[in-house]
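# Coordinate inspection notes
Okay, here's what each chain looks like letter by letter:
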There are 2 protein chains.
Amino acid sequence: MTDEVGAQRTKVQQIADDLKAAIERGDYGPGDRLPGENALAAQYGVASLTARRALKVLSTEGLVESKKGAGARVLSFRPIRRRGIPRVASGQWGSGRSIWSADDHRAPDVDQITVDEDAAPPEHVRDVLELGPDETACVRSRRYVLEGRPVMLAASYLPQALVAGSPITQADTGPGGIYARLADLGHAPTRFREEIRVRLPTADEAARLSIPTDRSVIKLARTAFDADGRAVEINEMTLDSAAYVLDYEFDA
Amino acid sequence: MTDEVGAQRTKVQQIADDLKAAIERGDYGPGDRLPGENALAAQYGVASLTARRALKVLSTEGLVESKKGAGARVLSFRPIRRRGIPRVASGQWGSGRSIWSADDHRAPDVDQITVDEDAAPPEHVRDVLELGPDETACVRSRRYVLEGRPVMLAASYLPQALVAGSPITQADTGPGGIYARLADLGHAPTRFREEIRVRLPTADEAARLSIPTDRSVIKLARTAFDADGRAVEINEMTLDSAAYVLDYEFDA
DNA sequence: CAGTGGTCTAGACCACCCT
DNA sequence: GGGTGGTCTAGACCACTGG
């Protein structure tokens, strides 16, 4: 007996596991359509709602994409590797193998770009940036799309008083991006903190990322500090949790 | 107009948002029982299944705990901050201090401890540890429980040939833990890589963590390299995604 | 033992896709 | 227009909790 206490499978899980195994075996390749809920219901002798819930599991996990009129189609899943700490002297360590295969080097498209002056940024942003009661923030928002698939939302907050008049308030920040411009202003980032949480997306996040509402997103907040220890930027990122592998490499 | 394309709310979302707002307002404090599905169904004029799905959203998010005979009770949510980098910095593990004391100030209990010789570790573990076809791995598995709530599973893999006969193969590894013993063996970890993924739990993981099957877990794989660049340990952690904030701090 | 949530069935209406 | 998934209703049985 291989029964595990508490690990008893429901019908939904049974069917979902079967489908996953079939995909893994290659019975269904990328772009192929899985059996519909009615076909599955007939095949397994269950109600169609039960079959649907099994399909829903796969779409929540990001293995398939379910569209209304069409069926559930298998996605070609190639996670993106995001290196949190830039490589320095990578030579000998570059050969260390990683646990999960994932891709680098694919440049995403960027759209939905907005640059605004925000008089009322979130409270935690005000706190970390140490904004006075009348101070505003410069907010740079954008969306990253890889191979037609939205994978990340990002919103950078900077003290408006610090960046007013600089290219940071323009759509195009020039070579080197925001950090190079902060350096021009005498506030080059020297230290970073990244904080990671996982939660369900808001309705708006789910819509902009084109993910089901029960697919988790990774909230990744990076704070940049200048040499004086002042927080000069907060970048709040929202990642499709099925699309990313995060990577941090550091010395003891 | 504040209409957002694709952000239209379903009844389930409406009810779930109302309940969340009520909890946030303090209408329901930690330990309080939310209205049952029948009460909600009557109150909103919807089917009980619809009300249940709203409650399910909250339990997926970790705001409440739903038990069969009892209702859905509000949890006191205090996420654990796990500092990725200082917690393994040298000096922390040489001094007999436990790794967890570098984290929050709350020390978890550890149970479900097993130490085994595993002849067939997962393929990616074989690869990274560069195990030969006949080599085995030492697997140290345990579960961390904080304030009665399971929050993390962990399994460390080490080359059996490297650690055979050392305290690493014992339940109690002595002061400083695994890393201090690896240092005794001349393979002190000098560099670490942490890789982070998010996915749905397996039935077994969900059972051991006592979380619903649709609550995501964070898979955190830490690889430790010695001075020669050899991978000497892989620690595969499985975190309740609602219980943790991960934190990485580093210089530019 | 009454009430609860967990799972499942049977069937409905709608919006959307594809042919 | 037929088939699909998304949402919802109405009702059933079971396992478990609590008084």
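What comes next is a walk through the structure. Not measured: the values here are computed from a predicted model. (Residues numbered from 1 in each chain as written. Chains lettered and ligands numbered in written order. Predicted model: local features only at pLDDT ≥ 70, side-chain atom pairs only at ≥ 80, totals over all residues. Heavy atoms only, no water.)

## A few points about the pattern of salt bridges
In the structure shown here, the tally under the stated rule is 39 salt bridges over all chains. Here Glu249(A) and Arg193(B) are joined by a salt bridge, their closest N and O atoms 3.6 Å apart. Taken together, the residues Glu249(A) in strand β10 (residues 244-251) and Arg193(B) in strand β7 (residues 189-199) connect one chain to another. For Arg193(B), a relative accessible area of 3% corresponds to the buried category. Here Arg149(B) ties to Asp240(B) by a salt bridge, and the two come within 3.1 Å at their closest N and O atoms. Residue Arg149(B) is found in strand β6 (residues 149-159), and its partner Asp240(B) is found in strand β9 (residues 231-240); the two are separated by 91 residues along the sequence. Given a relative accessible area of 1%, Asp240(B) falls into the buried group. (Salt bridge = Lys/Arg side-chain N within 4 Å of Asp/Glu carboxyl O. Helix = DSSP H or I, 4+ residues; strand = E, 2+ residues; numbered from the N terminus. Buried < 20%, exposed > 50% of the residue type's maximum accessible area, 1.4 Å probe, protein only.)

## Overview of the protein's contact with DNA strand C
Lining the immediate surroundings of DNA strand C are 22 residues, of which Thr10(A), Lys11(A), Ala47(A), Thr50(A) and Arg52(B) lie closest. For DNA strand C, the fraction of protein-proximal atoms (within 4 Å) that sit in sugar or phosphate groups is 73%. Interatomic distance of 2.6 Å between a side-chain N/O atom of Thr10(A) and a phosphate oxygen of DNA strand C. Take Ala47(A): an N or O atom from its main chain is 2.9 Å from a phosphate oxygen of DNA strand C. Among the secondary structure elements, those contributing two or more residues to the surface near DNA strand C are α1 (11-25) and α3 (48-61) of chain A together with α2 (37-44) of chain B. Class assignment of the residues belonging to the surface near DNA strand C gives a composition of six nonpolar, nine polar and seven charged. (Near = heavy atom within 4 Å. Polar contact = N/O pair within 3.5 Å; in protein donor to acceptor, adjacent residues only side chain to side chain. Nonpolar A, V, L, I, M, F, W, Y, C, P; charged D, E, K, R; others polar.)

## Let's talk about the side chain of Arg142(B)
Residue and element names in this part refer to chain B. As for its placement among the helices and strands, Arg142 is situated in strand β5 (residues 137-146). We note that Arg142 is buried and unpaired, the nearest opposite charge coming from Glu233 at a distance of 5.3 Å. Looking at Arg142, its side chain comes within polar contact range of the side chain of Tyr144, at 3.2 Å. Sequence-distant contacts of Arg142, defined by excluding residues within four places in its chain, comprise Val110, Asp111, Gln112, Ile113, Met152, Leu153, Ala154, Ala155, Ser156, Arg208 and Asn235. (Lys, Arg positive; Asp, Glu negative; His and termini not counted. Contact = heavy atoms within 4.5 Å.)

## Points about α3(A)
Residue and element names in this part refer to chain A. The terminal C-alpha atoms of α3 lie 20 Å apart, and with 14 residues this matches the ideal 20 Å at 1.5 Å per residue to within 8%. As for α3, its buried residues are in contact with α1, α2 (37-44), β1 (64-66) and β2 (72-74). Following α3 by one or two positions, Gly62 adopts a phi angle in the positive range, close to 90 degrees. (Expected span 1.5 Å × (residues − 1).)

## Concerning the relation of the copies chain A and chain B
Of the transformation superimposing chain A on chain B, the axial component is 0.0 Å and the angular component is 179 degrees, with the fit at an RMSD of 0.1 Å. Expressed as an axis order, the relation between the two copies is that of a two-fold axis. When C-alpha distances to the rotation axis are compared across chain A, the minimum falls at Ser216(A), with a value of 3.5 Å. Same-surface contact between copies: 81% of interface residues of chain A are shared with the interface of chain B. (Least-squares fit on C-alpha atoms with pLDDT ≥ 70 in both.)

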